[in-house]
Amino acid sequence: MIAKVIVDVPTNQTNRPFDYLIPEEFTHVIDIGMRVIVPFGPRKILGYVVGFEERTDVEKVKSLEEVLDVTPVLTPELLRLGKWLASRTLSFYISCLQVMLPQVLKAKYKKEIWRIEEHLPEELENLFQGSDVLTSEEWEASSFKYHHLKKWVDDGYLDVRYEVKSKETKRKITVIEPGADPVRLEELIAEIPAQAKKQRALIDFFVDYPDPIPKKDLLNFVKTTDASLNPLLKKGYLQSYSQEILRDPYEGHTFTSTSPPPLTRYQQQAMDEIVGSVKNEKPDVYLLHGVTGSGKTEVYMQSIQEVLARGEEAIMLVPEIALTPQMVERFKGRFGSKVAVLHSALSAGEKYDEWRKIQRRDVQVVVGARSAIFAPFRNLGLIIIDEEHETSYKQEDRTRYHARDVALKRASEHGCPVVLGSATPSLESFARAQKGNYRLLELPERMNEQAMPTVELVDMRDELHEGNRSMFSQSLKAKLEERLQKGEQSVLFLNRRGYSTFVMCRDCGHVVECPYCDISMTYHRNQERLKCHYCSFEKPMPSKCPECESKTIRYFGTGTQKVEEHLQQLIPEARIIRMDVDTTRRKGAHEKLLTKFGNNEADILLGTQMIAKGLDFGNVTLVGVLAADSLLNLPDFRASEKTFQLLTQVSGRAGRHEKEGEVVVQTYTPDHYSIQLASTYDFNRFYEEEMKYRKMFHYPPFYYLTLLTVSHPNTFQAQEVTRKIAQYLKQNLSETAEVLGPTPSPLERINNRYRYQTMVKYKSEPDQQKYVQRIMNYYESEMKEQNGLQIIVDFQPYQLM
Ligand SMILES: Nc1ncnc2c1ncn2[C@@H]1O[C@H](COP(=O)(O)OP(=O)(O)OP(=O)(O)O)[C@@H](O)[C@H]1O
Ligand SMILES: [Zn+2]
Ligand SMILES: [Zn+2]
């Protein structure tokens, strides 16, 4: 019997299964979807079993070394999904399998330097000191370099071997229980000398509670130590074993359990449709369009409950940024231990444990960010994507998949429905709903018949003319003070992009840019340093202008920290909580700040994108948006759509319960349609307006896009390769496809690599994948060179930089 194995070597030549003999000892345990260690050239590497085959000509076939898993880590469905993903994104099969698994399951390699000759040259012998093997760390610590190593390997003294080290870590605890001997515990006690009180107490404990108990708890309870316990274990009166436990990231946390409230008429209609959907090969896709605060989350939860009652499982995706403690609270409160939570704030070990709960069927629901779409459930009854318009559902590096596409694929495998929910659906999804491909479900009203908050647009140019140079308009200031008096709360939102701090010379206007990237460097006040956010280059803040030597070089723009200072000066009595990357870096900080705000220990919550979504606080009656247009100026055809979505989301944080809400939007372009229409919550008009523009300029959803980005240290090379690629595509694609470029990318240089791009706009190009693959194959050897050519293909791109 032969195992077909996909090996962890992402290249074109190795993008197929390799054959390995299965040693006798593994024949009964090995299964499809398990990880194995296989010899590959000089190395031992990780692979995934994707099939078995009878073969007779096996003389030259190597045996696999080891089977790593007891239960498969990938289900047959996920293996098929990986294959599909590989062809859609033009990625290697191995990369697509790896993307579905938690980090800890992907092997880490240990490099070792082995002696293969008994007598080594003296200098080497000094290093090895009689041993046979050195770790790569020991080697690096020596004075020898790579070329020495290479020479000694060529001369036959040394060999370099890779040992695979599984990173998988399980947490184990020791559990104690009464011994196997069926003697009554009371009789055992009698045998223990009376002065050994603690030993007696330990046995006595089990008289009342004969169940196994963690050792730590037992010792704690009896108030004793190993010294008393060990003799009992030795005699066999008690016995111990170790048990794997899954870390619970929410350990020590109590969630108030909630029961489902009766649904409103609209909610009920939506839910009836969703759970009434019949198993179907072509899955029913619902677009749940509900204004902010209309109770979408409640519809999700009750639909999931229904699905669980049928013995099926559910995946609920939320954007990372919306996976706030509040959201977790709601799901844990409703589903308790039936739910696993997956998001980036968990440690690798915690993520692995949450994933294992899914794999072991300990849970039936997962709430998580993008990659939770790969949860290894076997009987999916529902997939929900909340805030479906969020571009973070598209993975932007390596395997460029969109979670929505994966959801539809998995749904068709399981025959279950998909719900896409949003207050501001993406144009792509809304267009599909208009065409009837998706079914549109609407929640047009807020809970409690609460009106949408009124929006005031403040033209910041007028403020300037009136002599107000502050970043807070008169109106916003007055309204903030009013809230303070009434004991109500406010949320202030600033878009991070618009508020980066750059350094400029006041005399000559010189802006300090990264020497390797075409981007201004960001000032970090705490360390008095400048950093490049693209390549991480950093340097000290200059004391004079590198151009004109003037000393008036200073930082401009506004960080959240600076806004906070201004605000504090403006309203000294305000209690402010600032939420940005700096204040939420530490684990649990995010949650602490929100709890504090929820307990009314602050008047104003000031923050970036991370406060725009999901927050549901009844006492928030004012939302302020400091610079609404900062997104509009991005070189992105979705700029208007993103602005509309963000403004709607942020505004939606006000007046969600009984108290009425109000919104102040500060802008320099109050007449822009996306700002105007967001201020009246007119999604349908926005959709119409934006669709005209998309149609005119041949953008999605009227056309599909493919973006090829070429980068090279040499600008001419980058341009030339892009030109050839564009030409090749023009010759081969159909006449209706438009091939644009080569043009320099919006970010022309990153990390000293020059970047050019070509964009394809098309309606239908069934062979496109094939042509792009040919391009990649053609340039493969050039792309292998260190610091050489790089080509990135992005089908349906969301980041155009
Ligand atoms: N049927 C119901 N009965 C009573 N309260 C409800 C009901 N449905 C939802 N709510 C409450 O109304 C508020 C808003 O609901 P929810 O957060 O589900 O809306 P949403 O549409 O998901 O909001 P957003 O998209 O703005 O985050 C919440 O406090 C929620 O607990
Ligand atoms: Zn200058
Ligand atoms: Zn840089």
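Residues numbered from 1 in each chain as written. Chains lettered and ligands numbered in written order. Predicted model: local features only at pLDDT ≥ 70, side-chain atom pairs only at ≥ 80, totals over all residues. Heavy atoms only, no water.

1. Focus on the overall build of the chain
Regarding its fold elements, the chain presents 25 helices and 33 strands. Against the globule reference of 28 Å for 801 residues, the chain gives a C-alpha radius of gyration of 31 Å, in line with a compact fold. With the C-alpha coordinates aligned to their principal axes, the bounding extent of the chain is approximately 90 × 70 × 65 Å. Out of the 801 residues in the chain, the part that is buried amounts to 51%. Here the chain has roughly 38,000 Å² of accessible surface; of this, 48% comes from carbon and sulfur atoms. (Helix = DSSP H or I, 4+ residues; strand = E, 2+ residues; numbered from the N terminus. Rg over C-alpha atoms; globule rule 2.2 N^0.38 Å. Buried < 20%, exposed > 50% of the residue type's maximum accessible area, 1.4 Å probe, protein only. Areas by Shrake-Rupley, 256 points an atom, 1.4 Å probe, with all protein chains shown as cover.)

2. Quick notes on the nonpolar core
In terms of nonpolar packing, the biggest core is built from 89 residues, with Leu74, Ile315, Val366, Ile373, Phe374, Ile383 and Leu605 touching the most fellow members. Looking at which element gives the most residues to this core, the answer is helix α1 (residues 76–89), with six residues. Excluding residues that lie within four positions of it along the chain, Phe374 makes contacts with Leu78, Leu81, Leu85, Val99, Met100, Tyr401, Val406 and Arg410. Membership of the second largest hydrophobic core comes to 27 residues, among which are Tyr286, Leu288, Met327 and Val367. (Core = buried A, V, L, I, M, F, W, Y, C linked by side-chain atoms within 4.5 Å. Contact = heavy atoms within 4.5 Å.)

3. Thoughts on the UniProt feature "binding site: Zn(2+) 2" (unreviewed entry) in the chain
With numbering aligned to this structure, UniProt lists the feature "binding site: Zn(2+) 2" (unreviewed entry) at Cys514, Cys517, Cys532 and Cys535. One can find Cys517 in the loop between β21 (502–505) and β22 (522–524). (UniProt positions renumbered as here; feature names shortened; annotations may be inferred.)

4. Focus: the packing of helix α20 (residues 639–651) against helix α22 (residues 683–696)
The contact between α20 and α22 brings their axes to 11 Å, and the two run at 170°. Between α20 and α22, the crossing angle belongs to the class labelled roughly antiparallel. Between α20 and α22, the contacting residues are Ser640, Glu641 and Phe644 on the first element and Phe683, Phe686, Glu690 and Arg694 on the second. Within the contact of α20 with α22, the residues separate by chemical class into three nonpolar, one polar and three charged. (Axes fitted to C-alpha atoms, helices over the stretch in contact; angles between N-to-C directions. Parallel < 35°, antiparallel > 145°, perpendicular 65-115°, else oblique. Nonpolar A, V, L, I, M, F, W, Y, C, P; charged D, E, K, R; others polar.)

5. A closer look at the packing of helix α10 (residues 265–276) against helix α11 (residues 296–309)
Relative to each other, α10 and α11 sit at 35°, their axes nearing to 10 Å. For the pair α10 and α11, the crossing hand works out as right-handed. On the side of α10, the interface is formed by Gln267, Ala270, Met271, Ile274 and Val275, while α11 contributes Glu298, Val299, Gln302, Ser303 and Glu306. Here the residues of the contact of α10 with α11 are counted per class, giving five nonpolar, three polar and two charged. (Left-handed = near helix turned anticlockwise from the far one by under 90°.)

6. Observations concerning the environment of Pro261
Here Pro261 lies in the loop between β11 (238–245) and α10. Assessed through its relative accessible area of 33%, Pro261 is described here as partly exposed. Sequence separation between Pro261 and Glu298 is 37 residues; the distance between their C-alpha atoms is 8.4 Å. The residues touching Pro261, leaving out its near neighbours within four places in the chain, are Glu298, Gln302 and Arg334.

7. Focus: the UniProt feature "binding site: Zn(2+) 1" (unreviewed entry) in the chain
Mapped onto the present numbering, the UniProt feature "binding site: Zn(2+) 1" (unreviewed entry) falls on Cys505, Cys508, Cys545 and Cys548. A maximum C-alpha distance of 8.6 Å among these annotated residues, which run over 44 residues, shows that they cluster at one spot. Those residues within four positions of Cys545 in sequence are excluded, and the remaining contacts are Cys505, Cys508, His510, Ser550 and Ile553. Here Cys548 lies in the loop between β24 (538–540) and β25 (553–556).

8. Some thoughts on the sheet that holds strand β14 (residues 339–342)
The parallel open sheet is built from seven strands, whose spatial order is β14-β15-β13-β16-β17-β12-β18. Two strands lie at the open edges of the sheet, namely β14 and β18 (439–443), each paired on one side alone. Averaged over all neighbouring strand pairs, the angle between strand axes comes to 15°, with direction disregarded. The pairing of strand β13 (residues 313–317) with strand β16 (residues 380–386) spans five bridges and is classified as parallel. Bridged to Ala314 within β16 is Leu382. (Pairing = 2+ DSSP bridges.)

9. Brief notes about helix α7 (residues 197–208)
The end-to-end C-alpha distance of α7 is 17 Å, a good match for the 16 Å that twelve residues give at a rise of 1.5 Å each. Gln199, Leu202, Ile203, Phe205 and Phe206 are the residues of α7 that are buried. Take α7 and look down its axis: the buried residues cluster within an arc of 140°, on one side only. Of the residues in α7, the exposed ones pointing more than 90 degrees away from the buried face are Lys197 and Asp208. (Expected span 1.5 Å × (residues − 1). Arc of directions from axis to C-beta.)

10. Some points on the side chain of Ser475
Residue placement: Ser475 occurs in helix α17 (residues 474–486). Separated by 2.8 Å, the side chains of Ser475 and Glu456 make a polar contact. If near-sequence neighbours (up to four positions away) are discounted, Ser475 is found in contact with Glu456, Val458 and Val664. (Polar contact = N/O pair within 3.5 Å; in protein donor to acceptor, adjacent residues only side chain to side chain.)

11. Considering the site of ligand 1
Surveying the vicinity of ligand 1 reveals 18 residues, the closest of which are Lys296, Thr297, Arg330, Asp616 and Arg656. Here Gln267 contributes a side-chain N or O atom positioned 2.9 Å from a nitrogen atom of ligand 1. Between Thr297 and ligand 1, the recorded distance is 2.6 Å, taken from a side-chain N or O atom to an oxygen atom. In the complex, the protein chains occlude 82% of the 630 Å² of accessible area that ligand 1 would expose alone. Residue contributions to the shell around ligand 1 peak at three residues, all from α11. (Near = heavy atom within 4 Å.)

12. Looking at the pairing of strand β27 (residues 604–607)
Residues Ile604 and Leu606 of β27 are buried on one face, and the alternating residues Leu605 and Gly607, pointing to the opposite face, are buried as well. Pairing analysis gives four bridges linking strand β20 (residues 489–493) to β27, with the strands arranged parallel. For Leu492, the partnering residue across the bridge sits in β27 and is Leu606. Sheet analysis places strand β26 (residues 576–579) next to β27, joined by four bridges and oriented parallel. Paired with Ile576 across the two strands is Ile604, which belongs to β27.

13. Focus: α22
The terminal C-alpha atoms of α22 lie 20 Å apart, and with 14 residues this matches the ideal 20 Å at 1.5 Å per residue to within 8%. Inspection of α22 places Phe683, Phe686, Tyr687, Glu690, Met691 and Arg694 among the buried residues, and these make up the whole buried set. Buried residues along α22 cover an arc of 130° about the axis, so they all sit on one side. Structural note: α22 exposes Lys692, Lys695 and Met696 on the side pointing more than 90 degrees away from its buried face. The elements touched by buried residues of α22 are β12 (285–290), α15 (427–435), α20 and α21 (673–679). Note on α22: the residue one or two positions beyond its end, His698, has a positive phi of about 55°.

14. A word on a negative patch on the surface
Residues Glu24, Glu25, Glu65 and Glu66 make up a contiguous surface patch of negative charge. When you line up the elements, Glu65 lands in the loop between β4 (43–53) and β5 (66–67). Taking relative accessible area as the criterion, Glu65 reaches 40% and is therefore assigned partly exposed. (Patch = residues over 30% accessible without salt bridge, like charges linked within 9 Å, V, L, I, M, F, W, Y side chains within 5 Å. Salt bridge = Lys/Arg side-chain N within 4 Å of Asp/Glu carboxyl O. Lys, Arg positive; Asp, Glu negative; His and termini not counted. Charge placed at Lys NZ, Arg CZ, Asp CG, Glu CD.)

15. Some words on the pattern of salt bridges
Tallied over the entire structure, the rule returns 39 salt bridges. Across the salt bridge formed by Glu53 and Lys4, the nearest N and O atoms sit 3.6 Å from each other. Here Glu53 is found in strand β4, whereas its partner Lys4 is found in strand β1 (residues 2–7), with 49 residues between them in sequence. Residue Arg398 is joined to Asp397 by a salt bridge in which the shortest nitrogen-to-oxygen separation is 3.6 Å. Several salt bridges converge on common partners, so that one network encompasses Glu456, Lys479, Glu482, Arg483, Lys486, Glu488 and Glu662.

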